[in-house]
Amino acid sequence: MQISTQPSSTSFRGPEPGRVRLYDILALIVCLGVGLLSYSIGAPREVANWGVETDFLGRDVGQAQNILSGQPYTNQHYPPGYAYVLAGMSLLTHDFFKAGIIISVLASTLFGLVSYGIITILFDRRLAFVTTLLVLLALLPHSFEASTDMLANFLLLLPLWILFRRAPTMNVCIQSGLTAGLAYLVRYNTIFVLVGIPLALLFLSPAEDSIRQRICKIVAFATAALAVTAPWLLINWQYHGNPFASDLHGQVAAHFYHPEGDGSTSSIQHMQQQFGSYWDVFFYDPVRLMRNFMKDILYDRPLKLSWSVIGFPAILFAGAGMLLYLRDLTRSRAVFLLVCGMGYLLHGLAGFADRFYLFLYPLLFLFVGLAVFELGRVPVRLQEVPKVWNLSWMIVTCLLIVSAYTSFVNVRGLFLGVPVHLLEAAEILRARASLGDAIMGYKPHLAYLAKLSIVAIEGPDTIEEYLQRAKENNVRFIVYSEFEERYWKGLHALRDPALMPKEFRVVYEHIPSKTFVYEIARPSDRQKPME
C-alpha cells in the first residue's frame with residue numbers, strides 16, 4: 001500500500017468528459033427525488049414507531065418544549081443542538097413529530113448530496129453516482145424517522161467534504177472546524193471527527209507542508225470548532241463540573257457489564273447509578289472490556305454491517321473493493337478512511353444498531369462500487385453476438401433492484417410495527433382528562449398524542465405501589481400493554497382487568513396488542529357507578 005497524491009490511472013477509469021455534467025444532474029435529481037419519496041412516506045404518519053422515535057418523544061420533544069418556554073436544557077445524553085433545530089422547525093409545523101420527520105428528510109437529502117460530492121472528489125462522478133444510489137436506498141428506512149440520526153450523520157460528513165473540496169488552506173480548515181463543531185452540538189459521538197481531522201492534518205497533509213504549517217492548520221481547525229462548542233461546554237462546566245459531562249458512560253457500562261446489554265433504558269440507568277465516569281467503566285474490569293471490545297470490532301460488527309447494511313449480494317463485492325481502495329491510497333482517501341475508521345472504533349463501545357453507522361454507508365457502498373466497476377473492464381459476449389455488454393452496469397442494475405426490494409421490506413416492517421391504535425385511545429383520554437392530569441406508562445407515545453404529562457412507570461411492582469405513585473404524581477391514567485411488559489416486568493400486575501380493584505376502571509382496550517388504559521378514580525368519583 002502506498003499513499004500518493006493522485007489516483008492511479010490504471011486502477012479506475014471514470015466516465016468520459018462529456019458525461020461528467022450528466023452525472024451531476026442525475027445525482028441532484030435522485031437525491032431530491034428520494035427526499036420527496038421520504039417525505040411522502042413519512043409525512044402522513046401520526047404515530048411514532050416503537051424504536052428510535054420512542055427516544056424522540058420521550059426526550060427530544062420535552063427539551064424542545066423547554067427551549068420554547070425559556071427553560072434550561074437538561075438532557076445529558078445529547079448536546080442541545082438537535083433540540084434547538086427541532087424547536088425552530090416546530091414553529092413552522094406546529095407539531096413536533098412532523099417537525100422531526102421534516103428534519104430527517106432534509107438531512108437525508110443533503111447526506112446523499114454530500115456523499116456524492118465526497119466520492120466525486122476521491123474517485124469520479126460515475127462511481128459516486130452509483131454509490132449514492134445504493135446509499136440512498138439503504139438510508140430510506142431512516143430518512144423519515146423523527147430522530148437525531150440523519151442530522152447528526154449529515155453534519156459528520158460535511159466537514160470532510162469541505163476539507164476535500166480544495167487544498168487544506170487555513171480558511172478551509174476553519175470552515176471544516178466550524179461544521180465539525182456543529183456536529184458535536186448535535187451528538188457527542190461525533191467527537192471522532194474532532195479528533196480524526198486534526199490527526200489527518202498532522203500526518204496526511206501535503207508533503208511540502210512543514211510541521212509548523214501543519215500545527216497552524218490544526219490550531220485553526222480546533223479554534224473554529226471551539227468557537228462553536230464553547231457556549232455549551234461552559235454551561236456544562238458550570239452545572240456539572242466538567243465541560244464534557246454526559247451520561248453516555250452508563251450506556252458503555254451496560255454494553256460491557258450488564259446481562260441485558262444497553263438495549264433497554266433500565267439497564268443503562270442501573271449502570272449510571274453504579275458508575276460515575278468513563279474512567280470507572282474502563283478500569284472496573286479492563287480485561288473483560290478489552291476482550292469484548294476486540295470481539296465486537298473484529299467479528300461481531302463486521303458481520304452485522306455486512307448483512308444488515310450492505311446486504312446480499314452486494315457483500316460479495318465489498319471485500320475486493322476494500323483491497324482496490326487500499327491499492328492506490330491517495331491522501332484524501334487515507335483521510336476519509338482514517339476518520340471513518342475512528343468512528344467505527346468509537347461505536348464499538350456500545351451495542352450494535354445500524355443507525356449508529358450511517359456515516360459509514362458511503363464508504364461501505366464505495367467498496368462495492370469499486371469492485372463492480374473493476375469487473376466492467378472485462379468485456380462479456382453473449383452467444384457469439386458481436387455486441388459487447390458492460391458487465392459492471394449489468395451488476396449495478398441487479399444490485400439496485402435487490403436494494404430497492406430490501407428497502408421496501410424494511411419500510412413495510414416499520415409501518416407494520418407502528419401502534420396506530422393509540423390514536424383512538426388518545427381521543428378517549430383527551431375527552432376524559434382534566435388540566436394537570438398525568439399518565440403513567442413505559443412508552444411516551446400515548447402521553448404525546450393525548451397531550452398529557454408522563455410519569456415513569458418503573459419502580460412499582462404491585463397494585464398498591466401503583467396507587468401510591470398515582471396519588472403522589474396526580475396520575476389519572478395508567479397504560480398496560482403486553483409489548484411494554486417486556487421492558488418492565490412490574491407491569492404484569494396490571495395484566496388482567498378482572499382482578500383490578502375498584503379504583504381502576506378500563507377506559508380503553510385493544511385486544512390484538514393486549515393494551516389496557518386504566519383510569520384511576522378520584523375520591524369524589526368512587527361512589528359513582530362504573531361506566
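Residues numbered from 1 in each chain as written. Predicted model: local features only at pLDDT ≥ 70, side-chain atom pairs only at ≥ 80, totals over all residues. Heavy atoms only, no water.

Here the focus is the overall build of the protein chain. Counting its regular elements, the protein chain contains 21 helices and nine strands. Computed over its C-alpha atoms, the radius of gyration of the protein chain comes to 26 Å, within 12% of the 24 Å expected for a compact globule of 531 residues. Contacts in the protein chain between residues far apart in sequence, at least 24 positions, make up 70% of those at least 6 positions apart. Surface exposure of the protein chain reaches about 24,900 Å², of which carbon and sulfur atoms provide 63%. (Helix = DSSP H or I, 4+ residues; strand = E, 2+ residues; numbered from the N terminus. Rg over C-alpha atoms; globule rule 2.2 N^0.38 Å. Contact = heavy atoms within 4.5 Å. Areas by Shrake-Rupley, 256 points an atom, 1.4 Å probe, with all protein chains shown as cover.)

Sheet architecture is open: five strands sit in the order β6-β5-β7-β9-β8, paired in mixed fashion. Of all strands in the sheet, those with a lone pairing partner are β6 (453-456) and β8 (504-510), marking the two edges. Put simply, the sheet's adjacent strands are angled 25° from each other on average, direction ignored. Bridge analysis of strand β5 (residues 438-441) against β6 gives four bridges, and the strand direction is parallel. Its bridge partner lying in β6, Ala 438 is registered against Ser 453. (Pairing = 2+ DSSP bridges. Axes fitted to C-alpha atoms, helices over the stretch in contact; angles between N-to-C directions.)

Turning next to the environment of Thr 132. Note that Thr 132 resides in helix α5 (residues 125-143). What Thr 132 contacts, discounting residues up to four positions off in sequence, is Cys 31, Gly 112, Ser 115 and Tyr 116. A distance of 2.7 Å separates the side chain of Thr 132 from the backbone oxygen of Ala 128, its partner in a polar contact. (Polar contact = N/O pair within 3.5 Å; in protein donor to acceptor, adjacent residues only side chain to side chain.)

Going from Phe 312 to Pro 313, the amide bond is cis rather than trans, its omega being 5°. Positionally, Pro 313 belongs in the loop between α13 (286-310) and α14 (315-327). Located in the positive-phi region is His 94, a residue other than glycine, with phi close to 60°. Among the structural elements, His 94 can be located in the loop between α3 (81-93) and α4 (96-122). Positive phi outside glycine occurs at Lys 451, with the angle close to 60°.

Here we come to the packing of aromatic side chains. Under the definition given, this model contains 25 aromatic pairs. When the ring of Tyr 325 is compared with that of Phe 367, the centres are 5.6 Å apart and the planes differ by 80°; the resulting orientation is edge-to-face. With Tyr 325 in helix α14 and Phe 367 in helix α16 (residues 361-375), this residue pair connects regions lying 42 residues apart in the sequence. For the pair Tyr 325 and Phe 367, a shared accessibility class is recorded, and that class is buried. A centroid spacing of 5.6 Å and a plane angle of 25° characterise the contact between Phe 352 and Tyr 357, whose relative ring orientation is stacked. Every member of this aromatic cluster is reached through a ring pair, and the members are Trp 50, Tyr 442, Phe 483 and Tyr 487. Between the NZ or CZ atom of Arg 333 and the centre of the ring of Phe 123, over which it lies, the distance is 3.8 Å. (Phe/Tyr/Trp six-rings, centres within 6.5 Å; stacked < 30°, edge-to-face > 60°. Buried < 20%, exposed > 50% of the residue type's maximum accessible area, 1.4 Å probe, protein only. Lys NZ or Arg CZ within 6 Å of the ring centre and 35° of its normal.)

Let's shift gears to the pattern of salt bridges. Here the structure, examined in full by the defined rule, presents 16 salt bridges. Between Asp 149 and Arg 355 there is a salt bridge, and its shortest N-O distance comes to 3.1 Å. A residue pair is termed long-range when its members are at least 10 positions apart, and Asp 149 in helix α6 (residues 149-165) and Arg 355 in the loop between α15 (331-346) and α16 qualify at 206 residues. With respect to class, Asp 149 is no different from Arg 355; both count as buried. Between Asp 300 and Arg 301 there is a salt bridge; the shortest N-O distance is 3.3 Å. Pair check on accessibility: Asp 300 and Arg 301 agree, each one buried. (Salt bridge = Lys/Arg side-chain N within 4 Å of Asp/Glu carboxyl O.)

To continue, consider the confidence of the model for the protein chain. Mean pLDDT over the protein chain stands at 88; residues scoring 70 or higher make up 92%. pLDDT under 50 marks residues 4-11. Its contacts with residues more than four places away, or in other chains, come to 14 contacts. Per-residue pLDDT stays below 50 along residues 526-531; that stretch engages in seven contacts with residues further than four places along the chain or on separate chains. (pLDDT = per-residue confidence, 0-100.)

Alternating residues of β5 divide into Ala 438 and Met 440 and Ile 439 and Gly 441, and every residue in both groups is buried. For the handedness criterion, the β-α-β arrangement of β5, helix α19 (residues 445-450) and β6 is classed as right-handed. Here β5 runs beside strand β7 (residues 475-481); their pairing, made up of three bridges, is parallel. Directly across from Met 440, in β7, lies its bridge partner Ile 478. (Right-handed = clockwise from strand over helix to strand, strands pointing away.)

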